Amino acid sequence: MPMGESAVLVEVAEEISREANNYVLALMRKVEVKKLKGIVELVPAYTTLLVHYDPKIISFEEVCKAVEEAEKEVRVEGVERAIGEKRLIEVPVVYGKQFGPDLEYVAKYAGISCDEVIKIHSSQTYLVYMIGFTPGFTYMGEVPEIIAAPRLEKPRLRVPAGSVGIAGKETGIYSVESPGGWRIIGRTPLKLFNPNKDPPTLLKAGDLVKFKPITEEEYEKLKEKVEEEKVLPAIKGKPALKVISAGLGVSIQDLGRIGFRKYGVPVSGALDRKALAIANILVGNDVDEACIELFQSTASFKAMDDLIIAITGAKIQVTVNNEKIPLMQAVPVRKGSEIVVERFIDGQVAYIAIAGGISENKVLGSKSHYLRANIGRRITGGTVIHVAENKFKSIVNSCPARKIPAQLSKANYPGKVEVRVILGPHTQCFSRKSIMDFLNSEFEVTPHVDRMGYRLAGPKIRHVKGKGRLISCGTTIGAVQVPPDGNPIVLMADAQTTGGYPIIATVIQVDIGRLAQTKPGKTVNFKEISVEEAQKLLLKEMKEIVKLKEMVEEKSKEFEREFKHVTVKFGEKILDAWIRELIK
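Residues numbered from 1 in each chain as written. Predicted model: local features only at pLDDT ≥ 70, side-chain atom pairs only at ≥ 80, totals over all residues. Heavy atoms only, no water.

Glancing now at the overall build of the protein. Summing up its helical and strand segments, the protein has twelve helices and 33 strands in all. A compact globule built from 584 residues should have a C-alpha radius of gyration of about 25 Å, and the protein, at 26 Å, falls within 12% of that. Across the 584 residues that make up the protein, the buried fraction comes to 55%. Contacts in the protein between residues far apart in sequence, at least 24 positions, make up 74% of those at least 6 positions apart. Approximately 26,500 Å² of the protein is accessible, and the part contributed by carbon and sulfur atoms is 51%. Positive and negative charge centroids in the protein, built from 84 and 73 side chains respectively, lie 3 Å apart. (Helix = DSSP H or I, 4+ residues; strand = E, 2+ residues; numbered from the N terminus. Rg over C-alpha atoms; globule rule 2.2 N^0.38 Å. Buried < 20%, exposed > 50% of the residue type's maximum accessible area, 1.4 Å probe, protein only. Contact = heavy atoms within 4.5 Å. Areas by Shrake-Rupley, 256 points an atom, 1.4 Å probe, with all protein chains shown as cover. Lys, Arg positive; Asp, Glu negative; His and termini not counted. Charge placed at Lys NZ, Arg CZ, Asp CG, Glu CD.)

This is the structure:
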């Protein structure tokens, strides 16, 4: 079943069981062994395998064929042999008190003592079904029926990292501090998620886990050892900008991290990938270089060196030393100048590129920040942003030519936005009428939008009875989930890698940026297209970006042949000017 134009969802069973999960793992191993070019990553879940692929390299049909061949091999070889030997990991846990505030509830629920709950919970060997919710969060089973206490009616806003919980027949470990609704019975000192390691998680799908009760003293000693682990090195490069002020939506983003979704790590990266690519083109960077992303947030900076910047994406008002500067164009900014993003006029995501590229420590192959898992740093007053190699001197000579043609640079943010989608993979969860309502109605973008997802409001999209929740499976950017209340949620760059709401459709990649720029209060309508059509549009956009880069570089060379850059000192100011050379 397609999930957008670059993923295929394979379902092997309709109920959770060790047998079904083992089959998923065996299938994953067989697909991995093939080492097919274009298979980007595989995300196993309870009863499904999500195959992410690159449509530039491999087709939807070829991916389906590879999966079918892998299934045949599993059936011939057998599941256990295909999986190989599993790891058994012992996890130390201190139970109860402040570490396990719900232990007494679970004991009361079971009608036994707290010590008996601990004995039962720690005597089992659990299977890690999948990783998701947050990076490194483990879903394990099965918890014995007697202590299978239900979730909290109202989730906690903060659950400490390392907390061990129970939710029905499942047990899990919170890998990072996050909200959560599981019954917390203890805590481990082990670090379940470390973004500075590869792989970044202590556990992985298919592992076997045994919990070992420990004392508070043992916990503190182990915790101390864990906290001694090496931290990230200082950021290299030359200081470029000092942040004076920044809203919560200011971060560093590139095109995201690939290959870690099976560990619960989202792709992250730019919400409007095309806008980021264009910003980089204008200042002579590679298209995938990191930029400053401003999501619904203003900011101000002081230049710590002579810089070339370009601002793209949303229509915003920006000044340098109280003078407005153009968007979609390379602009020289002198050392000591103050750059102020004053307001958003339309759209809600903007990008600032710096010639030479932003220097930020790469974490799991990307500079993109993902603060929910402590990847990257919060950009706030006093933060210094570095540049890898300041290319001011080489780019300043052609700044006036480094702009987007007028017909392309006019940002268009209509009140009503058409977003193209590929239906599925869970269309069986909706009646034909519900699907038609989804495609023929208008939905308003609510104020509840962030880098994880955009909540929409409109006609309720009703599920087929009993299909309001599913067994959790892998998800992708653009997936349109429909929770029980019938209001769609479109998953965005920082969305969780797995989810249990039915996915009625997936927004195509070239329209994600358009949706990201749609402000609350505006309306969205969905239009169905095929996988093949979506892939053609994606390839077309990629070619357009390549042509745009070639055009900007060619125009820059032509400009440099005709004009010479000069500086004029006017009082304390240094003014940049370009003079046409009449005589050579």
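Having seen the model, we can carry on.
Along the polypeptide, Thr 476 turns up in the loop between strand E26 (473-474) and strand E27 (479-481). Excluding residues within four positions of it along the chain, Thr 476 makes contact with Met 3, His 52, Arg 261, Leu 491 and Thr 506.

What follows is about the environment of Gly 132. Looking at where Gly 132 falls in the secondary structure, it is placed in the loop between strand E5 (126-131) and strand E6 (138-141). Sequence-wise, Gly 132 and Gly 474 are 342 residues apart; in three dimensions their C-alpha atoms are separated by 8.5 Å. Discounting residues that sit within four places of it in the chain, Gly 132 has contacts with Phe 137, Tyr 139, Gly 264, Thr 497 and Thr 498.

With that settled, the discussion passes to the pattern of salt bridges. The final tally for this structure, using the stated rule, is 29 salt bridges. Notably, a salt bridge pairs Asp 437 with Lys 433, separated by 2.9 Å at the nearest N-O pair. Of this pair, Asp 437 and Lys 433 are both found in helix H10 (residues 432-440), four residues apart, which corresponds to roughly one turn of the helix. Classification of Asp 437 by relative accessible area gives partly exposed; the value is 22%. Salt-bridge contacts for Asp 494 lead to Arg 451; the nearest nitrogen and oxygen are separated by 2.9 Å. A residue pair is termed long-range when its members are at least 10 positions apart, and Asp 494 in the loop between strand E28 (489-491) and strand E29 (498-499) and Arg 451 in the loop between strand E24 (442-449) and strand E25 (453-457) qualify at 43 residues. The buried category is assigned to Arg 451, whose relative accessible area is 9%. (Salt bridge = Lys/Arg side-chain N within 4 Å of Asp/Glu carboxyl O.)

It is worth spelling out helix H11 (residues 509-516) at this point. The buried fraction of H11 amounts to six of the eight residues, a majority that puts the element mostly inside the structure. Every buried residue of H11 is accounted for by Val 510, Asp 511, Ile 512, Gly 513, Leu 515 and Ala 516.

For the rest of this paragraph, the subject is the state of the cysteines. Scanning the entire structure with this criterion turns up zero disulfides. Looking at Cys 399, it has no disulfide partner, and the nearest cysteine sulfur is the one in Cys 291, 15 Å off. Note on Cys 429: no disulfide assigned, nearest cysteine sulfur contributed by Cys 473 at a separation of 9.6 Å. (Disulfide = S-S within 2.5 Å.)

Further remarks concern the packing of aromatic side chains. According to the stated counting rule, one finds 16 aromatic pairs in the structure shown. Taking 6.4 Å as the distance between ring centres and 85° as the angle between the ring planes, the aromatic pair formed by Phe 133 and Tyr 174 counts as edge-to-face. Pair noted here: Phe 133 is in the loop between E5 and E6 and Tyr 174 is in the loop between strand E9 (170-173) and strand E10 (178-180), with a separation of 41 residues, a long-range link. Geometrically, the ring pair formed by Phe 260 and Tyr 263 is tilted, given 6.5 Å between the ring centres and 40° between the ring planes. Each member of the pair, Phe 260 as well as Tyr 263, is classed as buried. (Phe/Tyr/Trp six-rings, centres within 6.5 Å; stacked < 30°, edge-to-face > 60°.)

A word on the pairing of strand E11 (residues 183-187). The two faces of the sheet receive side chains in turn, since in a regular strand these alternate between them. Among the five residues of E11, five are classified as buried, and the element is accordingly described as predominantly covered. Judged from the two bridges that link them, strand E4 (residues 88-95) and E11 form a sheet pairing that is antiparallel. Its bridge partner being in E11, Val 94 is matched across the sheet by Arg 187. (Pairing = 2+ DSSP bridges.)

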